[in-house]
Every structure is written in C-alpha cells, then in structure tokens.
Amino acid sequence: MEDGTPIPVDSVGWHFDNTFTSLPDVLYTAALPAPVRHPQLVILNAPLAASLGLQLHTQPPETLAALFAGQVLPPGANPVAWAYAGHQYGHFTMLGDGRAILLGEQRTPSGQLFDIQLKGAGPTRFSRRGDGRAALGPMLREYLISEAMAGLGIPTTRSLAVVTTGEPVYRDTILPGAILTRVAASHIRVGTFQYLAARGDTDQLRALADYTIRRHDPDVLTAEHPYRAFFQAVADRQAALVARWQLVGFVHGVMNTDNTAISGETIDYGPCAFMNRYDPATVFSSIDSIGRYAYGNQPAIIHWNLARFAESLLPLLDPDPERAVAIAVEMLNNFPATFERYWLQGMRQKLGLQTEESDDAALVQSLLDVMEQTGADYTNTFFHLSQEPERPDNPFRDARFPDWHARWQARLAHEGTTPEAARAAMRQVNPVVIPRNHQVEAVLAAAETGDLAPLQALLAVLQSPFVWTAHHAAYQSPPDHEQGYRTFCGT
Ligand code: AMP
Ligand code: MG
C-alpha cells in the first residue's frame, strides 16, 4: 500500500521462523516485492491456509490482496531471492529467483516448516532481462495443476492465493499481471547444490548439506555416512515422485536441475500437462523441439539430474576424489532398479494385483503397447478397467484388448483375487478426472474475463479425483483431437 499503513496481520497466525538465515549468505540476497497499483484477490486456498495455521477468513479482501501482493509484509518476514544454478536443457547456467521472492518460513501449529514465496512479485538481482512479473493465466494454471497434484496425493508445492496487480505485463500481448503465493517444504533444488559446487567452496557446500539434512532428512544424521545416506534419501524420493508422475500421465515439461526439489515435491509448473492418448513421445512444451522432457524420458532425465546432484556432493561423499566418484557411480547405478520398483508397484495397484509375480512387468508392458497401438486414452483405460465390464458405456464390454484382458483375468485368478475385489482396489488409485488440457484452457479463458466459476468447479472435482459422481463424469472426456497442444515456460 502506498501509504504503508500497518495492518494487524499478526492476528492472522503468522509464525515466521527464517532458518535459512543460518546458511552462507552467498545463497540469498534481500529482495523487496515491488509496489503494485491495485492488488485484488482472485482466489484463496482456505483449507491450505487453515493447515498453515492462518485465519485468513477474518481478514477483508483488500487486506488479503495487499498481503498476497507483497505490499504489506507479515510480521517476521525476511524477503529474499535465492541464488542457484542449473542445467537447462543440458546446459549449465548460474541462475536465481528472477521473479520469485521468499517471504520466510511459516511454522505451522503442528511444527512443520513451509516456505512462503511470492511468484511474479517484481525484479530481483537475478532477473537478468526478465521483468520479474507473471501473468494471470499462468499463475492460475499453476494454482489449478498443483492443487490437482495434491488431490492425486502426489508430493507438490501448493498454491495459497493468486492476486492480480492492476498492472499490465508485456509478453506477446499485454496481459493482466498477477502474483501466486507458493507454499513449499523448501525451495532447495539440485541447482542450489550446483551453485555452491561451482563456486568450489566445500565449507559452504557442507553447510548447505547440513542445513538441508536437518530440514528434510534428519534420520540420516545417525547413518554411518550421513552425506551418502542423504543422497540416497533424495534419490529415493525422486524415484517415488517420478514414478507417481508416470502412473498418472503427468508430463512436467521442464525438468531442468533447477526445477528438481530436494524435498521430493513437484515444483515449477510451467509447460506441464497431462497426457490424453498413451504415447511415450508426448511433449507439450513449445520449446522442447527434441523431446528431451517427453513423458517417456522422465525416468532417464531424473536419473541424469541426480547424477548432477551426486557430482555436486562429491567432496562430501569421500575425502579421496576417486573413491567419491566410485561411491557416486555405485549409488547412481542403483537408481533404475529403485525407480522400476516404485513404478511396477504402482502399476500393480492400478491393475488391482495384490501379489508380485515375475511376469507382471511384461503384463503391464503389453497393456501399454496395445494402448499405444490403438491410441487409447491413458486415464480412461484404467478407469474403465476399474468399472463393471457389463456397463453399457464400458468399452471393455465388447472384448476390447481381448488377448491382454484374458491374460489379466488369468493373472488375477492365479492370485485368488476376484474381479470385484480387484476393481474396488483399482478405484482407490486410478483417478476419474485429471486436468484435461482443453478444460484447463477453457476455465482459464473464463477466469481471464472475470468468471471464476468454471475454474472453481474444475478445482472441486480435481480435489477429489478418485470418486465418481455425475459431476466428475462431465470432466472425463478427452478432447476430440489434440494435435499440437502447446504449453509455455516462464510465462
Ligand atoms: P523456469 O523455467 O520457470 O524454471 O525459470 C527459469 C529461470 O528464469 C528462473 O531463474 C526464473 O527466475 C527466471 N525467470 C522466468 N521468468 C522470469 C521473468 N519474467 N523475469 C525474471 N526472471 C524470470
Ligand atoms: Mg524454475
């Protein structure tokens, strides 16, 4: 607010605890949110606010707008932009928060710590040629998709609010400026470690590792080799995370190492989108011409990103450089099997299998092959398999994929699971709805004209994606055709 009138936000439940200030100060730099003309609240995540211990409903909309536009800082806020590096499309660069400002860390009533960050709050020391701003459509898109991921039970940063700034942002066209409040277990990335490794200061690197271990992996402190155990914990979380993405058909789209969070949360919703037809080559990002970050490449890319993480940690893995490399290589070589275990376990659940048999991977692969050959919708195939086959609207009534279907039924019979029990279990894990690209575009277009109702309706079903109601059914259909659907980075 231009006149700087203080407002009683502390009665709201803020409890900032800026533990990051114990880190080497090369990692962050002070950054104040830019003044904006006319902040207005567009959407607020009331359940998330409550879980953070914030009583935001007691505040008038103007107060919330000023708060989430960074015009009035919560008590204890210590706004900074973080430095980091990263491999972007395979090329190493020094980076930093160019359009995001960390306000501080909120301590929740249950004692958990979450970063509160404003995305699009104006330029920082790291903005380079960027304006530090964000537009309404992409911020609402992040809100919608991150909340959909949370609804699916997939680790993710969350979205607390979106405000418009009352100011234009200049892209290909003039767009309404907006700010997203992002909530994250932390914003420490593989690229944060790369930044200190590139500077070559092992003491600073160790300080970051020690801090991150205390924040995310305190269990490894008692391990014989805590830094090796730390790497393994991070690799394990990423294996689990990317397996979850594969299981729901999520394409992140920009898996640069600066967009890989040590916490194991999905972060940085730019060109991401969900796949409709099953096709491992699915790419949505307008600038990913070679398909580096295609759906089917995601497991290999996270393995590559973890190799960059291991490289950064080398001086901590062993004092002898050769031994450190040998240890890193051995840990990295374990990754594909770890990923495969999470993925196959998830696929068994998607097919209602309770036990493990040696040819399960082949059974799953033959389903994926027949889906690819026939252009089947990924989400709806599993949905229909989980429904009564006699239903008139079930394509499996007419012996769809007959050879595969018979094999699957025989596999269930072999372990003694009845088809009914299998279907009931499958309905717990196979989503009825995902954020379909054409619906996401439609609700964002309505929101940009001021009509939030379609977005709220889509959000409501995405927050409970495993139940099937008439309401959900309206969101199940893939588009008639989706040739050339394109998504964009850094918008
Ligand atoms: P992303 O692809 O969204 O992960 O962004 C890559 C880098 O570009 C990050 O360091 C961002 O902070 C920066 N960036 C993206 N958009 C802008 C912008 N409008 N102004 C300044 N920096 C930006
Ligand atoms: Mg990023």
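Residues numbered from 1 in each chain as written. Chains lettered and ligands numbered in written order. Predicted model: local features only at pLDDT ≥ 70, side-chain atom pairs only at ≥ 80, totals over all residues. Heavy atoms only, no water.

**Some words on the overall build of the chain**
Thought 1: Across its full length, the chain carries 16 helices and 11 strands.
Thought 2: Over its C-alpha atoms the chain spans a radius of gyration of 23 Å, differing by no more than 12% from the 23 Å that the globule rule assigns to 491 residues.
Thought 3: In terms of overall dimensions, the chain has a C-alpha envelope of 70 × 60 × 45 Å along the principal axes.
Thought 4: Residue burial in the chain is summarised as follows: out of 491 residues, 57% are buried.
Thought 5: Considering only intrachain contacts with a sequence separation of at least 6, the fraction spanning at least 24 residues in the chain is 72%. (Helix = DSSP H or I, 4+ residues; strand = E, 2+ residues; numbered from the N terminus. Rg over C-alpha atoms; globule rule 2.2 N^0.38 Å. Buried < 20%, exposed > 50% of the residue type's maximum accessible area, 1.4 Å probe, protein only. Contact = heavy atoms within 4.5 Å.)

**Focus on the packing of aromatic side chains**
Thought 1: The tally for this structure, following the rule as stated, stands at 18 aromatic pairs.
Thought 2: Relative to Trp 468, the ring of Phe 383 has its centre 5.3 Å away and its plane inclined at 65°; by these criteria the two rings are edge-to-face. Of the two residues, Phe 383 sits in helix 11 (residues 378–385) while Trp 468 sits in the loop between helix 15 (453–462) and helix 16 (470–473), which places them 85 residues apart along the sequence.
Thought 3: Residue Trp 468 is classed as partly exposed on the basis of its relative accessible area, which comes to 33%.
Thought 4: With a centroid separation of 5.6 Å and 80° between ring planes, the pair formed by Phe 396 and Phe 401 is classed as edge-to-face. (Phe/Tyr/Trp six-rings, centres within 6.5 Å; stacked < 30°, edge-to-face > 60°.)

**Observations concerning the packing of helix 6 (residues 226–248) against helix 9 (residues 335–350)**
Thought 1: Their axes nearest at 9 Å, the elements helix 6 and helix 9 cross at an angle of 40°. Looking at the two axes, helix 6 sits oblique to helix 9. Crossing geometry of helix 6 relative to helix 9 is assigned as right-handed. In contact with Ala 235, Asp 236, Ala 239, Ala 240, Val 242, Ala 243, Gln 246 and Leu 247 of helix 6, helix 9 contributes Phe 335, Thr 338, Phe 339, Tyr 342, Trp 343, Gly 346, Met 347 and Lys 350.
Thought 2: For the contact of helix 6 with helix 9, the per-class residue count stands at 11 nonpolar, 3 polar and 2 charged. (Axes fitted to C-alpha atoms, helices over the stretch in contact; angles between N-to-C directions. Parallel < 35°, antiparallel > 145°, perpendicular 65-115°, else oblique. Left-handed = near helix turned anticlockwise from the far one by under 90°. Nonpolar A, V, L, I, M, F, W, Y, C, P; charged D, E, K, R; others polar.)

**What about the coordination of the magnesium ion (ligand 2)?**
Thought 1: Protein coordination of the magnesium ion (ligand 2) is provided by Asn 259 (OD1) and Asp 268 (OD), with donor distances spanning 2.1 to 2.2 Å. Both residues of the pair, Asn 259 and Asp 268, belong to the buried class. (Donors = N, O, S within 2.8 Å, 3.2 Å for Na, K, Ca; no water.)

**Overview of the site of ligand 1**
Thought 1: Residues in close proximity to ligand 1 total 17 residues, the closest being Gly 96, Gly 98, Asp 131, Gly 132 and Asn 259.
Thought 2: The side chain of Tyr 84 places a nitrogen or oxygen atom 3.2 Å from an oxygen atom of ligand 1.
Thought 3: At 2.7 Å from an oxygen atom of ligand 1 is found a main-chain nitrogen or oxygen belonging to Gly 96.
Thought 4: Bound to the protein, ligand 1 loses 84% of the 490 Å² it would expose on its own.
Thought 5: Its residues assigned to classes, the shell around ligand 1 shows 1 nonpolar, 8 polar and 8 charged.
Thought 6: For the shell around ligand 1, the domains that each give at least three residues are domain 1 (9–184) and domain 2 (188–432 + 476–491). (Near = heavy atom within 4 Å. Polar contact = N/O pair within 3.5 Å; in protein donor to acceptor, adjacent residues only side chain to side chain. Areas by Shrake-Rupley, 256 points an atom, 1.4 Å probe, with all protein chains shown as cover. Domains from an automatic or database assignment.)

**Some words on the pattern of salt bridges**
Thought 1: Inspection of the entire model under this criterion finds 26 salt bridges.
Thought 2: In this structure, Arg 171 and Asp 131 form a salt bridge, with 2.7 Å as the shortest nitrogen-oxygen distance. Note that Arg 171 is positioned in the loop between strand 8 (158–170) and strand 9 (174–184) and Asp 131 in the loop between strand 6 (113–119) and strand 7 (134–135), a separation of 40 residues in sequence.
Thought 3: Its relative accessible area of 30% is what places Arg 171 among the partly exposed residues.
Thought 4: For the salt bridge of Arg 323 with Asp 318, the shortest nitrogen-to-oxygen distance reads 3.4 Å.
Thought 5: The exposure class of Arg 323 is partly exposed, given its relative accessible area of 45%. (Salt bridge = Lys/Arg side-chain N within 4 Å of Asp/Glu carboxyl O.)

**A short note on the confidence of the model for the chain**
Thought 1: Per-residue confidence for the chain gives a mean pLDDT of 95, with 98% of residues at or over 70.
Thought 2: For residues 1–9, every residue scores under 50 in pLDDT, and the model assigns this stretch 13 contacts once sequence neighbours within four places are set aside. (pLDDT = per-residue confidence, 0-100.)

**Description of helix 10 (residues 360–374)**
Thought 1: Between the first and last C-alpha of helix 10 there are 21 Å, a value that for 15 residues agrees with the 21 Å anticipated at 1.5 Å per step.
Thought 2: Inspection of helix 10 places Asp 360, Leu 363, Val 364, Ser 366, Leu 367, Leu 368, Val 370 and Met 371 among the buried residues, and these make up the whole buried set.
Thought 3: With its phi angle positive at about 70°, Gly 375 sits one or two positions after the end of helix 10. (Expected span 1.5 Å × (residues − 1).)

**Things to note about the nonpolar core**
Thought 1: Counting 120 residues, the largest nonpolar core has Trp 82, Phe 193 and Phe 309 as the members making the most contacts within it.
Thought 2: Each of domain 1 (9–184) and domain 2 (188–432 + 476–491) accounts for three or more of the residues forming this core.
Thought 3: If we skip the residues at most four places from it in the chain, Phe 193 touches Ile 188, Leu 205, Leu 208, Ala 209, Thr 212, Phe 230, Ile 262, Phe 309, Ser 312 and Leu 313. (Core = buried A, V, L, I, M, F, W, Y, C linked by side-chain atoms within 4.5 Å.)

**Some remarks on the pairing of strand 5 (residues 100–107)**
Thought 1: Burial analysis of strand 5 places 7 of its 8 residues in the buried class, the great majority of the element.
Thought 2: As paired strands, strand 5 and strand 6 are joined by 7 bridges and run antiparallel to one another. The residue bridging Ala 100 from the neighbouring strand is Lys 119, located in strand 6.
Thought 3: Between strand 5 and strand 6, which follow one another and run antiparallel, lie 5 residues, and Gly 111 among them has a positive phi close to 95°. (Pairing = 2+ DSSP bridges.)

**Let's talk about the side chain of Arg 423**
Thought 1: Relative to the helices and strands, Arg 423 is located in helix 13 (residues 419–429).
Thought 2: Ignoring anything within four residues of it in the chain, the contact list for Arg 423 reads Leu 385, Ser 386, Gln 387, Glu 388 and Pro 389.

**What about the environment of Trp 343?**
Thought 1: Structurally, Trp 343 is set in helix 9.
Thought 2: With 305 residues separating them along the chain, Trp 343 and His 38 place their C-alpha atoms 47 Å apart.
Thought 3: Apart from residues lying up to four places away in sequence, Trp 343 is in contact with Ala 243, Gln 246, Leu 247, Val 364 and Leu 368.

**So, unusual backbone geometry**
Thought 1: A positive phi angle, close to 50°, is found at Tyr 89, a residue other than glycine.
Thought 2: Relative to the assigned elements, Tyr 89 resides in the loop between strand 3 (80–88) and strand 4 (91–96).
Thought 3: The phi torsion at Arg 128 lies on the positive side, around 50°, for a residue other than glycine.
Thought 4: By the element assignment, Arg 128 lies in the loop between strand 6 and strand 7.
Thought 5: We classify Arg 128 as exposed; its relative accessible area is 60%.

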